[in-house]
Amino acid sequence: MHIKIGIIGGSGFYQIEGLTDIETIDIETPFGKPSDSLVSGRLDGQPVVFLPRHGVGHPLLPSDINVRANIYALKSLGVEWLISVSAVGSLRQEIEPRHFVIPDQLYDHTKNRISTFFGDGLAAHISLAHPFCEGLSGLLHEAATEVGATVHNGGTYICMEGPAFSTQAESHVYRQLDFDIIGMTAAPEAKLAREAEICYAVLACSTDYDCWHPDHDNVTTEMILDNLRSNVEISKQIVKNVVSKIPDGERHCGCANALQYSIATQPDKISLAKQHELKLLLDKYLS
């Protein structure tokens, strides 16, 4: 099975309507099981695979998501383009609840997450100056505009550990640092997707003003989910539209060869066990 387009659904985005030829796929990776079963099918004729990030029914906290298993499982199916749909809080007045953002920068403020496939005798250092694929982000912005969404192109996503929402002090500091949106899931997804040489971009759905705004000083899950439900349907329209825009053939961005000059360990010093564990990522460079 070789499916080039993957979709990770965040809070409230647990399935995709309009899929045909549906098949449920259970995958065991060297890093354990993904968040849930993967669902493959065709969306407007295009082969895609979908994974609910928090599991169906949302049993997983952001810190409990096995991101390595999720990315590895998608990679094993041939995914080259990965669309992440994520709920975020807004740190800017102009990014109103129910608006969309296609971020172009990421600040990782998480504390307890594994953010690399490497280590254990294999050192690699990818470039992450531009953490989201510029080409895929551009297609997402175009797709969102075409379906009539209010979408902001660019911005910095700060990824916090959670699961608690920000204190007011934290929220004000994030604004002073010129961050635009805040969420709990883009890191380490963006890092691991880059290590797996997958083009990755985020469709961020603004659900609230965090707690810096005088009218939103007590962010609640109920408030967020209410706004999120309003965004889910248009999110699905955007995803359906962008899938039709993703080109066939070879990719020409840096994501496709992110590991080419990133592996620091000499090939003869990499254990056979590690080579086997990361076969999907290493084969084209070590064979």
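Heads up: these notes are all about the structure in this document. Computed from a predicted structure; not experimentally measured. (Residues numbered from 1 in each chain as written. Predicted model: local features only at pLDDT ≥ 70, side-chain atom pairs only at ≥ 80, totals over all residues. Heavy atoms only, no water.)

What the rule picks out here adds up to 14 salt bridges. With a closest N to O distance of 2.7 Å, arginine 53 and glutamate 189 form a salt bridge. Of this pair, arginine 53 sits in the loop between strand S4 (46–52) and helix H1 (67–76) while glutamate 189 sits in helix H4 (residues 186–195), and the two are 136 residues apart along the sequence. Owing to a relative accessible area of 1%, arginine 53 belongs among the buried residues under this scheme. Put simply, glutamate 146 and lysine 245 hold a salt bridge, and the shortest N to O gap is 2.9 Å. Of this pair, glutamate 146 sits in helix H2 (residues 134–146) while lysine 245 sits in the loop between helix H5 (221–243) and helix H6 (272–277), placing them 99 residues apart in sequence. (Salt bridge = Lys/Arg side-chain N within 4 Å of Asp/Glu carboxyl O. Helix = DSSP H or I, 4+ residues; strand = E, 2+ residues; numbered from the N terminus. Buried < 20%, exposed > 50% of the residue type's maximum accessible area, 1.4 Å probe, protein only.)

In this structure, the amide linkage connecting glycine 162 to the following residue, proline 163, adopts the cis form with an omega of 0°. Relative to the helices and strands, proline 163 resides in the loop between strand S9 (156–160) and helix H3 (168–176). With an omega of 10°, the peptide bond between alanine 187 and proline 188 qualifies as cis. If you trace the backbone, proline 188 turns up in helix H4. Phi angles above zero are rare outside glycine, and aspartate 120 is one such case at about 55°. Relative to the elements of secondary structure, aspartate 120 occurs in the loop between strand S7 (105–109) and H2. You can call aspartate 120 exposed: its relative accessible area is 71%.

None of this, on its own, says anything about what the molecule does.
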